[in-house]
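# Architecture and fold: a report
Single-letter residue listing:
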Amino acid sequence: MKKYIILGVLLIVFTTVGMNAQNKDSKCKADSSVVTVKYAPEKGDFTTAMVFGRGAYLNGGLVVPSSYSSVSGAAPYANDVDANSNSITNMVGAEGRYYIKDNFAITLNGGAILRNTPYQLAIPAVTDGNGVLIIPAYNAVVADERVDVSVSIGGQWLFKTKNDRLFPYLGFALPFDYARRSQYDPTVTVDNQGNANIVDLGARHVDITAFGIQAIAGVDYYIAKDVFFGFDIKPVSYSYAISVKTPGPGLYNLEADTNTVSFFAQFSFKLGFKF
């Protein structure tokens, strides 16, 4: 519920700004001494935008090998393409565009999430001679590392229309994705016979690397001179992903790959500013 309230507030703010800007523009046109406002981006302009939609991180199939069972054969899954779970209220990253010509811009968008939990060794319990607990045992902290990176570069051609605020565009993007999950359990237990059981000799991890190419079609609408709403869709998109699972030091890796082609299956909504 909170995300819908936040989005609603943003829409109200931007709409209010746009209405105020339109009123100012009307006054400008009434006064012949004031130059008409130009909304079209020009060579040397830079725009930045918040991007909303389905998450762009490709990390499906990140199954860390277990210490107690077989190595999973799960292949990488392009979860940034989904038939039924797109959401316009989910912020997925940021986009920047630099116009090297009045009608062409180079683009860069993406984001990154990095998490790391260091391991801690277990501490055994302390008891007296009668087995009464004096100091409780402390379990080990399992090391957990998580990395999600999504970066895309490309280019976009801008087209002018009869509406001086509306600018459709066509373009392409070259996405690159990397994801990693790693775990290490430092737990060591000793049974009644004095036999030690070591859970992990080293870290277990899985990596996914993906790249591809996408066609992009979209439109920007300027509600003020330097503020715009945008919408785009990928008419066709291709990605190749490969995962590598490492169950432990000195063991063989398990590799799996996946090819994904989608048509009109990815969209995004933008709130942006021009500088």
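Residues numbered from 1 in each chain as written. Predicted model: local features only at pLDDT ≥ 70, side-chain atom pairs only at ≥ 80, totals over all residues. Heavy atoms only, no water.

In the annotation of an unreviewed UniProt entry, the entry for the protein chain reads Outer membrane protein beta-barrel domain-containing protein, and the organism field reads Lutibacter profundi.

### Here's the deal with the pairing of strand 1 (residues 46-53)
Pairing between strand 1 and strand 2 (residues 91-101): seven bridges, direction antiparallel. When the sheet's bridge partners are listed, Phe-46 is paired in strand 2 with Tyr-98. Relative to strand 14 (residues 267-274), strand 1 is paired through seven bridges, and the arrangement is antiparallel. The partner of Ala-49 across the bridge, within strand 14, is Gly-272. (Pairing = 2+ DSSP bridges. Helix = DSSP H or I, 4+ residues; strand = E, 2+ residues; numbered from the N terminus.)

### Regarding the packing of aromatic side chains
Each pair of aromatic rings is reported with the distance of its centres and the angle of its planes. Within the structure shown, the criterion is met by ten aromatic pairs. An angle of 50° between the planes, with centres 6.4 Å apart, marks the rings of Phe-52 and Phe-269 as tilted. Taken together, the residues Phe-52 in strand 1 and Phe-269 in strand 14 connect sequence positions 217 residues apart. Each ring, one from Phe-231 and one from Phe-267, has its centre 6.0 Å from the other, and the planes form 25°; the classification is stacked. (Phe/Tyr/Trp six-rings, centres within 6.5 Å; stacked < 30°, edge-to-face > 60°.)

### Looking at unusual backbone geometry
Of note in the backbone geometry, Phe-264 takes a positive phi value of approximately 50° without being a glycine. Its place among the elements puts Phe-264 in the loop between strand 13 (254-262) and strand 14.

### Structural notes on empty space enclosed by the protein
On inspection of all chains with the given rule, the structure shows one cavity of 30 Å³ or more. Of the voids in this model, the largest cavity is the one considered here, and its volume is about 510 Å³. As for the largest cavity, its lining consists of 35 residues, and the residues nearest its centre are Ala-56, Asn-109, Gln-214, Lys-234 and Gln-266. In terms of residues, the lining of the largest cavity owes the most to one element, strand 2, which gives four residues. For the lining of the largest cavity, the residue count by class is twelve nonpolar, 16 polar and seven charged. (1 Å grid on protein atoms, 1.4 Å probe; cavity = no way out; pocket = protein on both sides within 12 Å on 5 of 7 lines; lining within 4 Å. Points joined across faces, edges and corners; volume = space filled by probe spheres on them. Nonpolar A, V, L, I, M, F, W, Y, C, P; charged D, E, K, R; others polar.)

### Comments concerning the nonpolar core
Residues Tyr-39, Ala-40, Ala-49, Tyr-99, Ala-105, Leu-158, Phe-167, Tyr-169, Ala-173, Ile-216, Tyr-222 and Phe-228 constitute the largest nonpolar core, which totals twelve residues. Listed by contribution, the elements that provide at least two residues to this core are strand 7 (166-184) and strand 10 (204-224). Setting aside chain neighbours within four positions, we find Phe-167 in contact with Tyr-39, Ala-40, Leu-158, Phe-159, Lys-160, Gly-218, Val-219, Asp-220 and Tyr-222. Core analysis: the next-biggest nonpolar cluster, separate from the first, contains nine residues, Leu-58, Val-64, Ala-179 and Ile-208 among them. (Core = buried A, V, L, I, M, F, W, Y, C linked by side-chain atoms within 4.5 Å. Buried < 20%, exposed > 50% of the residue type's maximum accessible area, 1.4 Å probe, protein only. Contact = heavy atoms within 4.5 Å.)

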